[in-house]
Structure formats: structure tokens, C-alpha cells
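# Close look at the chain arrangement
For reference, the chains in residue letters:
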Amino acid sequence: MKLNAFFHKDQLEFHPKYEWALGNRIKHPETTKRAENIFRSLKSQNWINLVEPTSIPLKAIRDNHNYQLVTLYNTAMALEDETTFYPSVFPQRGKGKPDPTNIHHAGFFCFDSGTPLNNKTWQAASWSAASSYYAAKDVLNGSKVSYALSRPPGHHASRDTYGGYCYFNNAAIAAKVFAKKGRVAIVDVDFHHGNGSQEIFYKTDKVFVASIHGDPREYFPYYMGFPGEQGTGDGLGHNMNVILPTGTKWPAYKKALTKTVLTAVKRYEPDYLVISAGFDTYKHDPIGRFQLETKDYTLMAKEFAKLKLPTVICQEGGYFTKDLGANVIAFLEGFRSNL
Ligand SMILES: [Zn+2]
């Protein structure tokens, strides 16, 4: 069986050079080399069919994000080449009057100092969203599973905020495509809590969101990702957060994934699955602090494949670039060979 993988070359146009982390200016981990490494690995496999998406309808973005966020990225397109904008004022919600046509108001829509804007942000982020949108369409057209090389990643972006290297929530975009046809589960296996996906679907029972991650008291995004966050209104009971300790290896990870998360997913009885596939759970990852190995990603994917659900796999984090492509292939191979 061939597996379609979606990626557009313009996703490589965005080059964040550095981020501010706890007051230090450090090299930005979310480099184009990540996507290039994955792309090369995908290309080397004869069972993977690389597909370049066409552009995403604006409505598919607006289904998940407010117009101010879209306007702000368009405002950033007017920045000079080589100019990168980092907001330095982050007003408390509800205070002040945001104007997304003023780049100096970017801080209203941003929640961290690691996620820059420049004149190519819109281009890369909208093509990344397109990869995920058309991967979902591909599944609706009959593919059992599709992969979106969605870079920049998306799971930290909420309806009205960007941050955590994420601008549009690619997983949410795929989930909304599916939600028009049935019930959807998003399972987020990135090392960090998928706060944006949680927030977008927090009040609905149409999409179940589960995330397994490092302890937010120690790791990004710090303020969210705790087990008590279970949804609200119609969404109550449709959000799940599982925290695992620093240094977690596959046996303990597998137990949390299968016994807790996938058991809850099965109980929800979804018609479709979206996996937010971050590989910063890898043992050498410079940001994540779990201890998974390449072969573990094959075993992880096998557990997902057992659900027998039409599935989109969205790329999220993973910052040990050298092994990133191999880890993605291990995951896709595990999924495909267990269908
Ligand atoms: Zn992450």
C-alpha cells in the first residue's frame, strides 16, 4: 500500500534564526533542516508518494482561527527582508485594543518569545496548513492513512494566539475537515502539551482531544496540560491530559498510551483519528526529556493502527534533526504495516 505524504516547498521559505529562551538568545530549534531531513527520508522510500498540495481555502483556516490572527500574518508580510519581529509587550487578555494591522500589536496574539514573525511566516504557515488540510481530504477520498509534513508545526496555536513555534493549528484543521463527516479523536504524542488543540475543541463533544506529555510545571507550555483540564460545557469529559515523568522509556509510555489514552479513545467511538506526531520524545532530543528510541516509534504506530480508523498523521515537534527523518519513517512504517 502506498502512503501519501503532503508537503509544499514554500514551507521552507520561513527561517526563524533565533529565539529568546529564559532571557537568552539561542539558535532557533525549528529550522528548515528538520523538514528537509524528513523530506529526504520520505523520498528514499518507494512506498511513500510525495504530493504537493494546492493552496488551502481561507475558510478552512478561519474555521479554526479568528480573522485577527490571519490579518496579523498578512501585516508581517510588509516587514523588510531579514527583519524579524519579536513582541516585547504581552498585555493581559481583555486589556487594551489590539490592531492586527499594526505589527507592534503582535504581542496581543502571541504567548511566548520564541515564535518570531517575518515576511515569510504567512507563506510557510499557510502551506503547512494546506499539507494537513489535503492529507485529511485524501483520507476522505479513501486513503486509510495520510501524512502531513506540516512544518511549521501547529499544536500550540489556538483560535486567537500563536506561540511554541506554531502559527496555524494543522491538526485542528485536519480534525475540522473530518468533523464535517463524523466524530474525531486527536491524540497528541509530542513531548509538549498540545494546548492549542485543547483550547480549540475544549467546549465541544465533536472532537475528543488527548495529549501525553512532560510535566507542564517544568516544561512548555507551563500553564496548561494538567489532568484536571477535562473540557467544559458539551466538551466536559472530552479532553484528556496525561503527564509522564522526565526520562520515561517506551514500556511506561506504552502503558499510558494504550491503557489510558487509547482506551478512552475507543470509548469515545470516533470515526476518524488525527495524530499530532511530535518526535521530541526521542532520547537525544535537545528540548524533550523522554527516552524513546527509533524502534519505539514503530511500536507506537502499531498501537494506533490497531484502532483501524481513517487517520491523518500531522508532523509536530522533533528537534534532533539528524535522526528526525528516520523516526518519522519508523512511525509511518509501523502504521502502514499493521493496517
Ligand atoms: Zn514539542
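Since we're looking at a predicted model, the values are computed, not measured.

What follows is about the overall build of the protein chain. Scanning the protein chain from terminus to terminus reveals 10 helices and 10 strands. Since a compact globule built from 339 residues should have a radius of gyration of about 20 Å, the 18 Å found for the protein chain is in line with a globular shape. Projected onto its principal axes, the C-alpha coordinates of the protein chain cover approximately 50 × 45 × 40 Å. Expressed as a percentage of the 339 residues in the protein chain, the buried residues total 50%. Put simply, 76% of the contacts in the protein chain that link residues at least 6 apart link residues at least 24 apart.

The tendency in soluble globular proteins is for nonpolar side chains to be buried side by side. Formed by 93 residues in total, the largest nonpolar core has its most connected members in Tyr 133, Ala 174 and Val 274. With 11 residues, helix H5 (residues 121-140) is the largest single contributor of residues to this core. Look past the residues within four positions of Ala 174 in its chain and what remains in contact with it is Ser 132, Tyr 133, Ala 135, Ala 136, Val 274, Val 312 and Cys 314.

Let's shift gears to the pairing of strand S10 (residues 311-315). The buried fraction of S10 amounts to 5 of the 5 residues, a majority that puts the element mostly inside the structure. Here S10 shows two buried faces, one formed by Thr 311, Ile 313 and Gln 315 and the other by Val 312 and Cys 314. Across 4 bridges, strand S5 (residues 145-148) lies against S10 in parallel orientation. Each residue of the ladder has a partner; that of Ser 146, found in S10, is Val 312.

Turning next to the environment of Val 89. Looking at the element boundaries, Val 89 is found in the loop between helix H3 (67-76) and helix H4 (106-109). For Val 89, a count of 10 C-beta atoms within 10 Å puts it in the exposed group.

Okay, the packing of helix H8 (residues 250-268) against helix H9 (residues 294-305) next. Axis separation between H8 and H9 bottoms out at 11 Å; the angle between their running directions is 15 degrees. Overall, the two elements H8 and H9 adopt an arrangement that is roughly parallel. H9 is crossed by H8, and the crossing has right-handed handedness. Residues Trp 250, Lys 254, Leu 257, Thr 258 and Leu 262 of H8 form the contact with H9, whose participating residues are Asp 296, Leu 299, Met 300 and Glu 303. Per-class residue counts for the contact of H8 with H9 are 5 nonpolar, 1 polar and 3 charged.

Another point: unusual backbone geometry. The omega angle of the peptide bond from Arg 151 to Pro 152 is 0 degrees, so this bond is cis rather than trans. Following Phe 220, the chain continues to Pro 221 via a peptide bond in cis, the omega torsion being 5 degrees. Following the sequence through the fold, Pro 221 ends up in the loop between strand S7 (207-214) and strand S8 (239-244). Within the chain, Leu 22 stands out as a residue other than glycine whose phi angle is a positive 50 degrees.

For H3, every residue scored as buried is listed here: Leu 69, Leu 72, Tyr 73, Thr 75 and Ala 76. Each buried residue of H3 sits inside an arc of 155 degrees when the element is viewed along its axis, so together they form one side.

This part is about the confidence of the model for the protein chain. With 100% of its residues at a pLDDT of at least 70, the protein chain reaches an overall mean of 97. Element-level mean pLDDT values for the protein chain span from 90 in strand S2 (residues 18-21) up to 99 in strand S6 (residues 184-188).

The interhelical angle for the contact between H9 and helix H10 (residues 321-336), taken along N-to-C directions, is 30 degrees, at an axis separation of 7 Å. It follows that H9 is roughly parallel to H10 by the angle criterion. Note that H9 runs across H10; the crossing there is right-handed. Taken together, the residues of H10 that come into contact with H9 (itself represented by Thr 294, Lys 295, Tyr 297, Thr 298, Leu 299, Met 300, Ala 301, Lys 302, Phe 304 and Ala 305) are Asp 323, Ala 326, Asn 327, Ala 330, Phe 331, Glu 333, Gly 334 and Phe 335. Residue composition of the contact of H9 with H10, by class: 10 nonpolar, 4 polar and 4 charged.

With that settled, consider the sheet that holds strand S9 (residues 272-277). Here 8 strands make up an open sheet; going across it, the order is S4-S1-S5-S10-S9-S6-S7-S8 and the pairing parallel. The sheet is open, and its two borders are formed by strand S4 (48-51) and S8, each paired with just one other strand. The sheet shows a mean angle of 20 degrees between the axes of neighbouring strands, direction not considered. Note: S6 against S7, 5 bridges, orientation parallel. By the bridge assignment for S7, Val 187 is matched with Ala 210.

Here H5 is 20 residues long and its end C-alpha atoms lie 29 Å apart, about the 28 Å a rise of 1.5 Å per residue gives. Within H5, 17 of the 20 residues are buried, which leaves the element mostly enclosed by the surrounding structure. Gly 142, located one to two residues past H5, shows a positive phi value of around 125 degrees.

Conventions we followed
Residues numbered from 1 in each chain as written. Predicted model: local features only at pLDDT ≥ 70, side-chain atom pairs only at ≥ 80, totals over all residues. Helix = DSSP H or I, 4+ residues; strand = E, 2+ residues; numbered from the N terminus. Rg over C-alpha atoms; globule rule 2.2 N^0.38 Å. Buried ≥ 20, exposed ≤ 12 C-beta atoms within 10 Å, placed from the backbone. Contact = placed C-beta atoms within 7 Å. Core = buried A, V, L, I, M, F, W, Y, C linked by C-beta atoms within 7 Å. Pairing = 2+ DSSP bridges. Axes fitted to C-alpha atoms, helices over the stretch in contact; angles between N-to-C directions. Parallel < 35°, antiparallel > 145°, perpendicular 65-115°, else oblique. Left-handed = near helix turned anticlockwise from the far one by under 90°. Nonpolar A, V, L, I, M, F, W, Y, C, P; charged D, E, K, R; others polar. Arc of directions from axis to C-beta. pLDDT = per-residue confidence, 0-100. Expected span 1.5 Å × (residues − 1).

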